[in-house]
Amino acid sequence: QVQLVESGGGLVQSGGSLRLSCVTSGIAFHIYAMGWYRQAPGKQRELVAQISRGGNTIYADSVKGRFEVSRDNAKNTVYLQMNSLKPEDTAVYFCRTEGVRHTWGQGTQVTVSS
């Protein structure tokens, strides 16, 4: 019943920026922390960023200073602003409602060319 739809990915050159969006439904969005994850071919899915219901954030060391996660509770949406993108950021990006059992969405592909 929980649905998450990621969007905003695309092809960008190194140093460029993208803003990902994740629109949720089927949950009381505002009470949950939200996380962004990514998975590259042959690699494990990893946590990229997380934002609590109160707005506290955490980031993977690899993206600190470059990515910023935010949320708009009125829109049931979480965002991931990605700046200074690097080829190693290439992956499929997923969002997740922390603490809620749900299937992963389709994700959105981010490809960074060198």
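Scroll up for the structure.
All of the points below concern the structure found in this document.

Two cysteines joined by a covalent bond between their sulfur atoms form a disulfide. This model, assessed by the stated rule, comprises one disulfide. Disulfide pairing places Cys22 opposite Cys95 at an S-S distance of 1.8 Å. Around the S-S axis, the bridge from Cys22 to Cys95 shows a dihedral of about 55° and counts as right-handed. Taken together, the residues span a long stretch of sequence, with Cys22 in strand β3 (residues 18-25) and Cys95 in strand β9 (residues 91-97) at a distance of 73 residues. The class for Cys95 is buried, based on a relative accessible area of 0%.

Inspection of the entire model under this criterion finds two aromatic pairs. With 5.3 Å between their ring centres and 75° between their planes, Tyr37 and Trp104 make a pair best called edge-to-face. Pair noted here: Tyr37 is in strand β4 (residues 34-39) and Trp104 is in the loop between β9 and β10 (108-113), with a separation of 67 residues, a long-range link. Ring geometry for Phe94 versus Trp104: centroids 5.8 Å apart, planes at 70°, classification edge-to-face. Of this pair, Phe94 sits in strand β9 while Trp104 is found in the loop between β9 and β10, placing the two residues 10 residues apart along the sequence. A relative accessible area of 33% means that Trp104 is categorised as partly exposed.

Basis of the calculations
- Residues numbered from 1 in each chain as written.
- Predicted model: local features only at pLDDT ≥ 70, side-chain atom pairs only at ≥ 80, totals over all residues.
- Heavy atoms only, no water.
- Disulfide = S-S within 2.5 Å.
- Helix = DSSP H or I, 4+ residues; strand = E, 2+ residues; numbered from the N terminus.
- Buried < 20%, exposed > 50% of the residue type's maximum accessible area, 1.4 Å probe, protein only.
- Phe/Tyr/Trp six-rings, centres within 6.5 Å; stacked < 30°, edge-to-face > 60°.

These values are about where atoms sit, not about what they do.
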